[in-house]
Amino acid sequence: MAEYNHREIEKKWQKYWEENQVYKVDIDPSRPKYYVLDMFPYPSGAGLHVGHPLGYIASDIFSRYKRLKGYNVLHPMGFDSFGLPAEQYAIQTGQHPAVTTAQNIRTYISQLKNIGFSYDWSREVRTSDPGYYKWTQWIFSRIFNSWYNKDTDKAEDIRTLYERLAQGGTAAVNAVTEDNLPEFTAGEWNSWTEEKKYEVSLDYRLTYRTDSVVNFCPALGMVLSNDEVKDGVSERGGYPVIQKKMSQWMMRITAYADRLISGLDTIDWSESLKDQQRNWIGKSTGASVRFKVENSTKEIEVFTTRVDTIYGVSFLVLAPEHEWVAELTTPDQLTAVQQYIEETQKRSELDRVADVKTVSGAFTGSYCINPVNGEQVPIWIADYVLAGYGTGAVMGVPSGDQRDWNFATHFGLPVIPILDAQQDIENQADATKEGKYINSGIINGLEYKQATAKLISWLEENKIGKGKVNYRLRDAVFARQRYWGEPVPVYFKTNADGRAIPYLVADKDLPLILPEIDKYQPTETGEPPLGRAKDWTYTPEGESAAYPLEMSTMPGWAGSSWYWYRYMDPKNGAAFASAEALDYWKDIDLYLGGTEHATGHLLYSRFWNKVLKDLGFVKEEEFAKKLINQGMIQGRSSFVYRVKGTDKATFVSYGLRKDYDVTPLHVDVNIVDGDVLDIEKFKATRNDIGEDPQFILEDGKYICGSEVEKMSKSKFNVVNPDTLVDRYGADTLRLYEMFLGPLTESKPWDTKGIEGTSRFLRKLWRLFFDQNGRYIVTEDEPSKDSLKTLHKTIKKVAEDIEHFSFNTSVSSFMICVNELSDQKCHSRPVLKDLLVVMSAYAPHITEELWSLIGETGSITQTAYPEWNPEYLKEDAFEYPIQINGKVRVNLTFPADASKEEIEKEVLANEQVIRWMEGNPLKKIIVVPKRIVNVVI
Ligand code: ANZ
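Residues numbered from 1 in each chain as written. Predicted model: local features only at pLDDT ≥ 70, side-chain atom pairs only at ≥ 80, totals over all residues. Heavy atoms only, no water.

**Details of the overall build of the chain**
- Looking only at helices and strands, the chain has 30 helices and 35 strands in total.
- Its C-alpha atoms give the chain principal-axis dimensions of about 100 × 85 × 75 Å.
- A burial count over the chain gives 52% of its 936 residues as buried.
- In the chain, once contacts between residues fewer than 6 apart in sequence are set aside, the share between residues at least 24 apart is 71%.
- The positive charge centre, built from 109 side chains, and the negative charge centre, built from 133, are 2 Å apart in the chain. (Helix = DSSP H or I, 4+ residues; strand = E, 2+ residues; numbered from the N terminus. Buried < 20%, exposed > 50% of the residue type's maximum accessible area, 1.4 Å probe, protein only. Contact = heavy atoms within 4.5 Å. Lys, Arg positive; Asp, Glu negative; His and termini not counted. Charge placed at Lys NZ, Arg CZ, Asp CG, Glu CD.)

What follows is the structure in structure tokens.
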């Protein structure tokens, strides 16, 4: 007697897997490795909803399949557990973020275990665990102790910089740094104290401190990235954001701009994702040119991609934050300039670049000189020029650039035509490259390419400018003025000039543990929360003084930029991973996660990986060979319709709502079944509908309306996987999530359809046990038909999985089980192979049936069956028969029937004769295994 009781079966096998450590993996040089990774989740208080496991299910199927194919599969899971939500919650409730984080992780783990994933839980990592962040801090230290050598095109240990400077001074060094660092000779360098050398080296390191303009949110006490700012307020909480100059830790990701672009050609990631990264890095090739300021020694440097338009310059524009604005502003322009600067501080950078219509700016009162023709050019400020891009200054060419044209016409500045083909300046303003130059001195009569080349060499010869490649990508801010993050392992000593100089905490003193504090908010004096810690100081070995430690913590992306390596060797106390582990597991073979990480996590991870590779700590230049972005699962919201203006709350059913004046209200999808509202539960769970609400029904039921929206608590459309697992089982959920559609597409969740999948699994069970629970598997030789059904399924599912087409596999299983049922096939060899093929998708039921047919051990330890092409040979083929181009009949012939036999039978067929309506035959064409054409 056996019935399909998913609750019992699933618990039983989950226990078995855990007790027998079925998914534990170790290095095994005798087998090829395969590394399948999910982007690890941030454990939020809300737990998982049905959208989250979509990618996890797909990657789990793939991992299980690869295991059956003989690979040693590393498939771990962990938690990205530092970050803002836990901290915001701590501020509101006083609960330590470590406590809520641990609770949330417990919920996540139990939810994940419920779904039967094949994770090796012994490798779990948590970024907020000191044993983990010790290595995040260690990596920070390595990056701090390196510089980018353009000659070798890689990051090197800072010692090689010292060596070069000692041998040849700055002339011997070709490093990625800020422009215009002071130059010095080897002699000068060698004469300096160690402290002085160290201070100079700070400007060369891949981690450095600088003053930069940031989006600062005073209410949140933190700097926000551009995408965390919406319409000038913080996305989280809606607090005002201002542009502020702050001293910040930075990482020199720009040193890697070119390698981050070229590396994309070596990895199998979607083109759209690669394009997002390319655009984000935004390489542009142009020139920098210096314009002398009139009556001053200053020269304003601009970056332009169209140096060929320099004869059309009629003004210069600086970003309002440009450091010379104050100096260049003349007394009579002071009020206008100050007012304008105040105005622009309210706008986020995103608004500034997105807004092409509003023209605004202020004249500084100063002028500069166009180096190519000596013309006087007025200097303006305007916020369409960004402080952080290029040089923060542009040459305004109204006849070349649309914004410049808008600006010039708005403020009455001259428009100088420079191309003979330019008839209508307004419409061609956006950088036409057609025609020959006019009014353009040394490039008159030339065309775009020659003109550009000639100008660049002229500028270089005259030391006025040079060819330059510029990137939109900026160095990454590496600090948050918040509590719940990794402490930056740096302390400060004050030097002779009173400046605070950062030094690394010694490796042996890592992890630098996050201290306890009384409140998770900035201090009264505006210091970050770590300013509240009692003794936030460090005493280096051999010294007695206690030096202040850095008070900002690392940004959210630090811990996630290397975590895949920790899974390789999670308990190692002597290294982030052993050489042996790195050597064997190398890199991620398949990485799954959402597209929202395109220019964050996925770019930072590639950057850190390249640094680690340059420094010799890891093997591969790219960390993930293949990446798949799963689509989003949207929610399907349900609505009830409240009639306006009634005494008692009155709700009208969907089909009748047109007859009333109604307000639609979201209703919890969990009390709606197939669009029918459970009225009693509705009454019991809503406290906003008063006493005795009324319902106007259709056919005795209240039907809800529906709409597809983002899955979110506020829309009451969140479906919890736990409920479905309890009701239908994890195997049904897994199959159903895959069945929803192609993995990479977004699609709405609809609980209704899950019934069908659940019926399918019961039908599978019926191949083994009859209605009465009697075992009906036989040792009979399988029929030819059953072998064909089985082998086409083996083949199709393997191909589907290799192409990440999981929904089509589920259809194949359904077809297969239907065919075997029709064939009354209960043959053990067929059913056994079918179980193995299905085990990647539905691991619990297949384990159970596997043991019930008398197999020992776990089904996960067997091999994926081979398909035999012999069984797939078609023995008959159904031909569509066309008569004068229209398919009229379908006729089946044996696969080996000759053309002549087919012709004869087609023409003798009664239906064909009827369609020919007595007309004589002109021609009959038989295309074997395709079609028959009859022409009359
Ligand atoms: C003169 C000119 C004439 C320009 C012309 C374009 C067309 P990408 O491709 O994005 O690098 N620019 C330079 N720095 C800027 C800043 N900080 N904020 C806003 N705009 C800036 O484009 C570079 C072009 O954008 C530069 O070339 C400059 O305008 C402008 F017919 O210089 B151009």
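**Considerations on empty space enclosed by the protein**
- Under the counting rule described, the total for this entry stands at 2 cavities of 30 Å³ or more.
- Computed from the structure, the second largest cavity encloses a volume of approximately 40 Å³.
- Lining the second largest cavity are Arg64, Arg67, Leu68, Ser839 and Thr860. (1 Å grid on protein atoms, 1.4 Å probe; cavity = no way out; pocket = protein on both sides within 12 Å on 5 of 7 lines; lining within 4 Å. Points joined across faces, edges and corners; volume = space filled by probe spheres on them.)

**Considerations on the packing of helix 22 (residues 730-739) against helix 27 (residues 843-852)**
- Where helix 22 meets helix 27, the axes come as close as 7 Å, and the angle between the chain directions of the two elements is 130°. In terms of their interaxial angle, helix 22 and helix 27 are classed as oblique. Contacts between helix 22 and helix 27 pair Ala730, Asp731 and Arg734 from the former with Pro843, His844 and Ile845 from the latter.
- Residues belonging to the contact of helix 22 with helix 27 are distributed by class as follows: 3 nonpolar, 1 polar and 2 charged. (Axes fitted to C-alpha atoms, helices over the stretch in contact; angles between N-to-C directions. Parallel < 35°, antiparallel > 145°, perpendicular 65-115°, else oblique. Nonpolar A, V, L, I, M, F, W, Y, C, P; charged D, E, K, R; others polar.)

**Comments concerning the side chain of Gln630**
- Note on placement: Gln630 falls in the loop between strand 23 (627-629) and strand 24 (633-643).
- In terms of polar contacts, Gln630 uses its side chain to reach the backbone amide nitrogen of Gly593, at 3.3 Å.
- Look past the residues within four positions of Gln630 in its chain and what remains in contact with it is Leu54, Gly55, Leu592, Gly593, Gly594, Leu743 and Thr744. (Polar contact = N/O pair within 3.5 Å; in protein donor to acceptor, adjacent residues only side chain to side chain.)

**Concerning the sheet that holds strand 9 (residues 242-251)**
- Strand order across the open sheet formed by 4 strands is 6-5-9-17, with antiparallel pairing between neighbours. Edge positions in the sheet fall to strand 6 (222-224) and strand 17 (476-477), since each has one partner strand and no second.
- Where strand 5 (residues 207-217) and strand 9 come together, 10 bridges link them in antiparallel fashion. Within strand 9, the position partnered with Thr210 by the bridge is Gln248. (Pairing = 2+ DSSP bridges.)

**Describing the domain arrangement of the chain**
- Entries for the chain in the domain assignment read domain 1 (27-129 + 558-626), domain 2 (141-276 + 476-548), domain 3 (283-471), domain 4 (635-709), domain 5 (723-871) and domain 6 (874-935).
- Centre-to-centre separation of domain 4 and domain 5, based on C-alpha positions: 40 Å.
- Contact with domain 4, which involves 5 residues of that partner, is made by 5 residues of domain 5.
- Across the domain 4-domain 5 interface, the total number found is 0 salt bridges.
- For the pair domain 4 and domain 5, the number of links is 0 residue pairs in polar contact (both at pLDDT 80 or more). (Domains from an automatic or database assignment. Salt bridge = Lys/Arg side-chain N within 4 Å of Asp/Glu carboxyl O.)

**Let's talk about the site of the ligand**
- Close to the ligand lie 17 residues, the nearest being Ser284, Thr304, Leu386, Tyr389 and Arg472.
- Thr304 places a side-chain nitrogen or oxygen 2.7 Å from an oxygen atom of the ligand.
- In this structure, an oxygen atom belonging to the ligand sits 3.0 Å away from a main-chain N or O atom of Thr305.
- Taking 640 Å² as the accessible area of the ligand by itself, protein coverage stands at 83%.
- Mapped onto the shell around the ligand, the elements with two or more residues apiece are strand 11 (299-304) and strand 15 (393-396). (Near = heavy atom within 4 Å. Areas by Shrake-Rupley, 256 points an atom, 1.4 Å probe, with all protein chains shown as cover.)

**As for the packing of aromatic side chains**
- Under the counting rule described, the total for this entry stands at 69 aromatic pairs.
- Ring geometry for Phe40 and Tyr563: centres 3.7 Å apart, planes at 10°, overall stacked. One end of the pair, Phe40, is in the loop between strand 1 (33-38) and helix 2 (53-68); the other, Tyr563, is in helix 17 (residues 563-566), and 523 residues separate them in sequence.
- Given a relative accessible area of 8%, Phe40 falls into the buried group.
- For Tyr563, a relative accessible area of 0% corresponds to the buried category.
- Relative to Phe411, the ring of Trp380 lies with its centre 4.5 Å away and its plane at 40°, an arrangement referred to as tilted. Of this pair, Trp380 sits in strand 14 (residues 376-381) while Phe411 sits in helix 14 (residues 402-411), and the two are 31 residues apart along the sequence. (Phe/Tyr/Trp six-rings, centres within 6.5 Å; stacked < 30°, edge-to-face > 60°.)

**Observations regarding the side chain of Arg657**
- Within the element layout of this structure, Arg657 appears in the loop between strand 25 (650-652) and strand 26 (662-667).
- One buried charge, Arg657, has no salt-bridge partner; the nearest side chain with opposite charge is Glu698, at 7.5 Å.
- Looking at Arg657, its side chain comes within polar contact range of the main-chain oxygen of Tyr654, at 2.9 Å.
- In this structure, Arg657 is in contact with Tyr641, Val652 and Val662, ignoring residues within four places of it in sequence.

**Digging into a negative patch on the surface**
- Residues Asp896, Glu900, Glu901 and Glu905 make up a contiguous surface patch of negative charge.
- Its place among the elements puts Glu905 in helix 29 (residues 899-908). (Patch = residues over 30% accessible without salt bridge, like charges linked within 9 Å, V, L, I, M, F, W, Y side chains within 5 Å.)

**Details of unusual backbone geometry**
- Put simply, Leu510 and Pro511 share a cis peptide bond, and its omega is 0°.
- Examined against the element boundaries, Pro511 turns out to sit in the loop between strand 19 (500-504) and strand 20 (537-538).
- Its identity is not glycine, yet Lys463 carries a phi of approximately 55°, on the positive side.
- By the element assignment, Lys463 lies in the loop between helix 16 (448-461) and strand 16 (465-471).
- Given a relative accessible area of 65%, Lys463 falls into the exposed group.
- Even without being glycine, Lys586 reaches a positive phi, approximately 55°.
- Mapped onto the elements of the fold, Lys586 is located in the loop between helix 18 (579-585) and strand 22 (590-593).

**Points about the packing of helix 26 (residues 828-839) against helix 27**
- For the pair helix 26 and helix 27, interaxial distance at closest approach is 8 Å and the crossing angle is 155°. It follows from the interaxial angle that helix 26 and helix 27 lie roughly antiparallel. Both helix 26 and helix 27 take part in a crossing whose hand is left-handed. Between helix 26 and helix 27, the contacting residues are Lys832, Leu835, Val836, Met838 and Ser839 on the first element and Pro843, Thr846, Leu849 and Trp850 on the second.
- By residue class, the composition of the contact of helix 26 with helix 27 is 6 nonpolar, 2 polar and 1 charged. (Left-handed = near helix turned anticlockwise from the far one by under 90°.)

**Describing helix 1 (residues 6-19)**
- The end-to-end C-alpha distance of helix 1 is 20 Å, a good match for the 20 Å that 14 residues give at a rise of 1.5 Å each.
- Here helix 1 has its buried residues at His6, Ile9, Glu10, Trp13, Gln14 and Trp17. Projected onto a plane normal to the axis of helix 1, the buried residues spread over an arc of 125° and lie on a single side. Along helix 1, the residues that are exposed and aim more than 90 degrees away from the buried face are Glu8, Lys15, Glu18 and Glu19.
- Turning to helix 1, the residues buried within the fold contact helix 2, helix 4 (97-114), helix 21 (721-728), helix 22, helix 23 (754-766) and helix 27.
- Between a side-chain oxygen at the N-terminus of helix 1 and the backbone nitrogen of Arg7 the separation is 3.1 Å; the capping residue is Asn5.
- Positioned one or two residues after helix 1, Gln21 has a phi angle of 45°, which is positive. (Expected span 1.5 Å × (residues − 1). Arc of directions from axis to C-beta.)

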